[in-house]
Amino acid sequence: MKKILVSGGAGFIGSHLCTRLIKDGHKVICLDNLFTGSEENIAHLKGNPHFEFVLHDVEFPYEAEVDEIYNLACPASPIHYQHDAIKTIKTSVLGAINMLGLAKKTNAKIMQASTSEIYGDPIIHPQVESYWGNVNPIGIRSCYDEGKRCAETLFMDYHRQNGIRIKIIRIFNTYGPRMLPDDGRVVSNFVVQALRNEDITIYGSGAQTRSFQYVDDLIEGMVRMMNTEDEFIGPINLGNPCEFSILELAEKVIELTGSQSKLIFKPLPHDDPRQRKPDITLAKSKLLWQPAIGLEEGLRRMIEYFGKYRS
Ligand SMILES: NC(=O)c1ccc[n+]([C@@H]2O[C@H](COP(=O)([O-])OP(=O)(O)OC[C@H]3O[C@@H](n4cnc5c(N)ncnc54)[C@H](O)[C@@H]3O)[C@@H](O)[C@H]2O)c1
């Protein structure tokens, strides 16, 4: 049994990770300031003697004896990370420093939940880990993108300078139960709008592409990555390489929900990437991992989860 700290553990991905780690027989400390996460997301774990929730902001140091750390604390939807951009950068950068400091003190292995956003609006397609990205450093998305890039730098420097055992994963667009219904993330937004028979908002022409990964696939990849040999640190892409245009996603959601919704088009926000698709060759060879849940199956599960919004 390991003692594992999950920062951001009350969020969408974090709550699934905590559940998985408890199921695997570990002790879990879930650290969260509940900015975008909620106690409801972890309600099923409360009362479990191996689970502890600590209300804490990663901008400030935290002390505990732990074997492993998953650093997920950071708002992930543009609405939330742009709400207080300075706070977002502090969360990424100071959060990384504080979690790396804890790893150094306790000799824990630590994983950074990085993002495909570090590739920006990519010129290389699909994105391979060796690609350095095309990121605007002064735009409205920069607080998130550059914060995450700086966190990767910090992880590498703590590894090179202090010998900290690190793992860096770059997560591509992930969806699943416990996403918020209204935080602007495309899969949850479309499903809820379709269930309510409201207009489905498409930004731009809808020709921009994304690849959508179901959360269970991501969690499997994260756990496999954490358990690789110490020499393998990443970065490694974790995402589903099946690419869809936003228009195709909207049409699929309407079909599966049987919705009466109409599509409406609004201007594309600044710096919205035109295309995104992970190259997962490295994950396939190093983790023997690839996504198992296709878009249609994943959407069916989302539609069931958001069923209460059906009008
Ligand atoms: N969902 C995706 O598609 C995706 C893609 C790439 C990367 N990621 C990364 O995965 C992680 C989890 O994302 P998510 O989709 O679950 O988002 P989320 O917003 O649901 O979860 C983030 C969690 O971090 C907590 N948090 C935020 N600031 C904090 C702070 N200062 N101190 C302590 N806790 C704080 C929030 O309350 C929330 O519980 C994030 O780091 C995100 O950048 C997610």
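Definitions and limits used
- Residues numbered from 1 in each chain as written.
- Predicted model: local features only at pLDDT ≥ 70, side-chain atom pairs only at ≥ 80, totals over all residues.
- Heavy atoms only, no water.
- Axes fitted to C-alpha atoms, helices over the stretch in contact; angles between N-to-C directions.
- Helix = DSSP H or I, 4+ residues; strand = E, 2+ residues; numbered from the N terminus.
- Parallel < 35°, antiparallel > 145°, perpendicular 65-115°, else oblique.
- Left-handed = near helix turned anticlockwise from the far one by under 90°.
- Contact = heavy atoms within 4.5 Å.
- Nonpolar A, V, L, I, M, F, W, Y, C, P; charged D, E, K, R; others polar.
- Phe/Tyr/Trp six-rings, centres within 6.5 Å; stacked < 30°, edge-to-face > 60°.
- Buried < 20%, exposed > 50% of the residue type's maximum accessible area, 1.4 Å probe, protein only.
- Domains from an automatic or database assignment.
- Buried area = accessible area lost by both parts, 1.4 Å probe.
- Salt bridge = Lys/Arg side-chain N within 4 Å of Asp/Glu carboxyl O.
- Polar contact = N/O pair within 3.5 Å; in protein donor to acceptor, adjacent residues only side chain to side chain.
- UniProt positions renumbered as here; feature names shortened; annotations may be inferred.

## Structural notes on the packing of helix H5 (residues 186–195) against helix H9 (residues 295–305)
Close contact between H5 and H9 brings their axes to 10 Å; oriented N to C, the two are set at 55°. Here H5 lies oblique to H9, going by the angle between them. Crossing of H5 over H9 shows right-handed handedness. Each of Val 187, Ser 188, Val 191 and Leu 195 in H5 lies in contact with H9, whose residues at this interface are Leu 299, Met 302 and Ile 303. In terms of residue class, the contact of H5 with H9 is built from six nonpolar, one polar and no charged.

## What to know about the packing of aromatic side chains
On inspection of all chains with the given rule, the structure shows six aromatic pairs. Ring centres of Phe 306 and Tyr 309 lie 5.9 Å apart, and the angle between their planes is 55°; this geometry places the pair in the tilted category. Assigned by exposure class, Phe 306 and Tyr 309 land together as buried. Among the aromatic side chains, those forming a connected cluster through ring pairs are Tyr 119, Tyr 131 and Phe 172.

## Some points on the domain arrangement of the chain
Accessible area lost when the parts come together is the quantity often used to give the size of an interface. Per the domain assignment, the segments of the chain are domain 1 (3–174 + 214–238) and domain 2 (175–210 + 241–277 + 293–309). Here the C-alpha centroids of domain 1 and domain 2 sit 25 Å apart. For the pair domain 1 and domain 2, the two sides together bury roughly 2,500 Å², of which 49% comes from carbon and sulfur. Contact with domain 2 buries surface across domain 1, with Phe 12, His 125 and Tyr 214 losing the most and accounting together for 27% of the total. Here Arg 301 ties to Asp 216 by a salt bridge, and the two come within 3.5 Å at their closest N and O atoms. Linking domain 1 to domain 2 there are 13 residue pairs in polar contact (both at pLDDT 80 or more). No other element matches the four residues that helix H1 (residues 12–23) contributes to the side of domain 1 that touches domain 2. Here the side of domain 1 that touches domain 2 is composed, by residue class, of nine nonpolar, 16 polar and five charged.

## Some points on the UniProt feature "domain: NAD(P)-binding" (unreviewed entry) in the chain
Listed under "domain: NAD(P)-binding" (unreviewed entry) in the UniProt record, and renumbered for this structure, are residues 5–302. Along residues 5–302 the backbone is 37% helical and 17% strand, and the end-to-end C-alpha distance reaches 28 Å.

## Considerations on the environment of Ser 7
The topology assignment puts Ser 7 in strand E1 (residues 3–7). Sequence separation between Ser 7 and Asn 71 is 64 residues, and the spatial gap between their C-alpha atoms is 5.1 Å. The contacts of Ser 7, once residues within four sequence positions are left out, are Leu 31, Val 58, Tyr 70, Asn 71, Leu 72, Ala 73 and Met 99. A polar contact of 3.1 Å, which involves the side chain of Ser 7, links it to the backbone nitrogen of Ala 73.

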